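Notes for the structure review
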Amino acid sequence: MTNKIAVIGAGIMGSAITTRLLETGQIVHVFDLDQTKVAALVGKGAMAAASVAAATQASDFVVLSLNHANIVKAVVFGADGVAQNASADKLLIDMSSIDPSDTALMAEKLQSETGMHWLDCPLSGGAPGALAGRLTVMAGGEEDDFKRSNAVMQHLCANYTLMGPSGAGQTTKLINQLFCAVAFQAVAEAVKLAEAGGVDPSKIPDALKGGRADNSIMQEFMGKFAARDYTPTGRIDNMLKDLDSLQSFSLKTKTPMPMTGQVVEIHRLLCAAGLGPKDTVEMMRLLDGPTGQKD
């Protein structure tokens, strides 16, 4: 079944989401301030929208792929935003990663003022997962909205789970990022330890496969870390944004997180050194030291 979908945000993830939806035969109206990114998607069959409000008017589903709660708020409630043309027969699917409390407040505001419902649907799997329709997505919102959203999400997800009321998807994403950030740091340290002990770190994933230490981040990234392959797959500053939200939420809930706190500060240190826009493999530069030596 063909659906009319607006995608707001044409960055790495928004572009991948749009591309996948187009490949599955959906009608996609896309908006981004960067017209070069929009033009690339128009070349694949998307329709450029003059504004967020215009994209919303033309669509039944509005998918957000944005970087920060303040941007989400401006896109939804600002001038020419979603709320201008929102209605009860439309559904907002926010695939951004933002604070759970902010999500719940904005969802309540949109519904009370316009009748339009909101699902928070942060994702794991990155652009490759979106392009393959293999994302893992954790949703927060009402069950009826979750069921309705399957018209869109079936094309993007291999694993799509309703975690609870509004904000629950974002909370689950914070937990996902906790695991990822700690695992990336563990991989970086394991590479250095292997090298110090005369072991080829690229052999570690196969050697530990099926054991208790096995995990997808080790399998996917240890060879990349060992090779110092800095090809972009994810930005350090984007991870820090999520980790800052995680820390903020842990403070609100008085949840002790000593290990996560250390990893947050390592990410903050990398960003302070100007490496925020770079790939996670930049962790190796910190461990390699100023000479960049592996030993």
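Basis of the calculations
- Residues numbered from 1 in each chain as written.
- Predicted model: local features only at pLDDT ≥ 70, side-chain atom pairs only at ≥ 80, totals over all residues.
- Heavy atoms only, no water.
- Helix = DSSP H or I, 4+ residues; strand = E, 2+ residues; numbered from the N terminus.
- Buried < 20%, exposed > 50% of the residue type's maximum accessible area, 1.4 Å probe, protein only.
- Contact = heavy atoms within 4.5 Å.
- Areas by Shrake-Rupley, 256 points an atom, 1.4 Å probe, with all protein chains shown as cover.
- Lys, Arg positive; Asp, Glu negative; His and termini not counted.
- Charge placed at Lys NZ, Arg CZ, Asp CG, Glu CD.
- Polar contact = N/O pair within 3.5 Å; in protein donor to acceptor, adjacent residues only side chain to side chain.
- Patch = residues over 30% accessible without salt bridge, like charges linked within 9 Å, V, L, I, M, F, W, Y side chains within 5 Å.
- Salt bridge = Lys/Arg side-chain N within 4 Å of Asp/Glu carboxyl O.
- Disulfide = S-S within 2.5 Å.
- Axes fitted to C-alpha atoms, helices over the stretch in contact; angles between N-to-C directions.
- Parallel < 35°, antiparallel > 145°, perpendicular 65-115°, else oblique.
- Left-handed = near helix turned anticlockwise from the far one by under 90°.
- Nonpolar A, V, L, I, M, F, W, Y, C, P; charged D, E, K, R; others polar.
- Expected span 1.5 Å × (residues − 1).
- Arc of directions from axis to C-beta.

Some remarks on the overall build of the protein
When you go through the protein residue by residue, the secondary structure sums to 13 helices and 9 strands. Referenced to the eigenvectors of the C-alpha coordinate spread, the extents of the protein come out at roughly 60 × 45 × 35 Å. Counting the 295 residues in the protein, one finds 49% classified as buried. In the protein, the proportion of contacts linking residues at least 24 apart, taken out of those at least 6 apart, comes to 68%. Summing over all exposed atoms, the protein offers an accessible surface of approximately 13,700 Å²; the carbon and sulfur share of this is 56%. When the 25 basic and 31 acidic side-chain charges of the protein are each reduced to a single mean position, those positions are 3 Å apart.

So, the environment of C157
Mapping C157 onto the fold places it in strand β9 (residues 157-164). Expressed as a C-alpha distance, the spacing of C157 and V137, which sit 20 residues apart in the sequence, is 6.8 Å. Beyond its immediate chain neighbours, meaning those up to four positions away, C157 contacts G133, R134, L135 and V137.

Focus: the side chain of H155
Position of H155 among the secondary structure elements: in the loop between α7 (143-153) and β9. Engagement of the side chain of H155 in a polar contact is seen with the backbone oxygen of A151, the distance being 3.4 Å. Setting aside chain neighbours within four positions, we find H155 in contact with R20, L21, T24, Q26 and G133.

Notes on the side chain of D279
Checked against the element boundaries, D279 lands in the loop between α12 (258-272) and α13 (283-288). Residue classification places D279 among the buried residues on the basis of a relative accessible area of 3%. There is a polar contact of 3.3 Å between the side chain of D279 and the backbone nitrogen of G234. Setting aside its immediate chain neighbours within four residues, D279 contacts K224, D229, Y230, T231, P232, T233, G234 and I236.

Let's talk about a nonpolar patch on the surface
On the surface, L269, L286 and L287 cluster together to form a nonpolar patch covering roughly 240 Å² of accessible area. Tracing the backbone through its elements, the reader meets L269 in helix α12. Note on L269: relative accessible area 48%, which makes it partly exposed.

Quick word on the state of the cysteines
With the rule as written, the count across this model stands at 0 disulfides. C157 supplies the cysteine sulfur nearest to C121, a cysteine that is in no disulfide, at a spacing of 7.7 Å. Taking relative accessible area as the criterion, C121 reaches 0% and is therefore assigned buried. A relative accessible area of 12% places C157 in the buried class.

Things to note about the pattern of salt bridges
Tallied over the full model, the rule gives 12 salt bridges. The partner of R228 in a salt bridge is D288, and the shortest N-O contact between them spans 2.7 Å. You can see R228 sitting in the loop between α10 (216-226) and α11 (236-253) and its partner D288 sitting in helix α13, a full 60 residues away along the chain. You can call R228 buried: its relative accessible area is 11%. Between D244 and R268 there is a salt bridge; the shortest N-O distance is 3.0 Å. With a gap of 24 residues between them, D244 in helix α11 and R268 in helix α12 connect regions that are remote in the sequence.

Quick word on the packing of helix α8 (residues 168-196) against α10
Remark: α8 packs on α10, axes separated minimally by 10 Å, with the N-to-C direction vectors making an angle of 50°. Taken as axis vectors, α8 and α10 run oblique relative to one another. Here α8 runs over α10; the crossing is right-handed. Residues C180, A183, F184, V187, A188, A190, V191 and E195 of α8 form the contact with α10, whose own contacting residues are I217, M218, F221, M222, F225 and A226. Residue classes in the contact of α8 with α10 are distributed as 13 nonpolar, no polar and 1 charged.

Overview of helix α5 (residues 100-114)
Its 15 residues place the ends of α5 21 Å apart at the C-alpha level, agreeing with the 21 Å of an ideal helix rising 1.5 Å per residue. Considered for burial, the residues of α5 that qualify are P100, T103, M106, A107 and L110. The buried residues of α5 occupy an angular sector of 130° when the element is viewed end-on, so they sit on one face. Set apart from the buried face of α5 by more than 90 degrees, the exposed residues are L105, E108 and E113. For α5, the N-terminal capping position is held by D99, with its side-chain oxygen 2.8 Å away from the main-chain nitrogen of S101. Immediately downstream of α5, the backbone of G115 shows phi near 85°, a positive value.

By themselves, these figures tell us nothing about what the structure is for.
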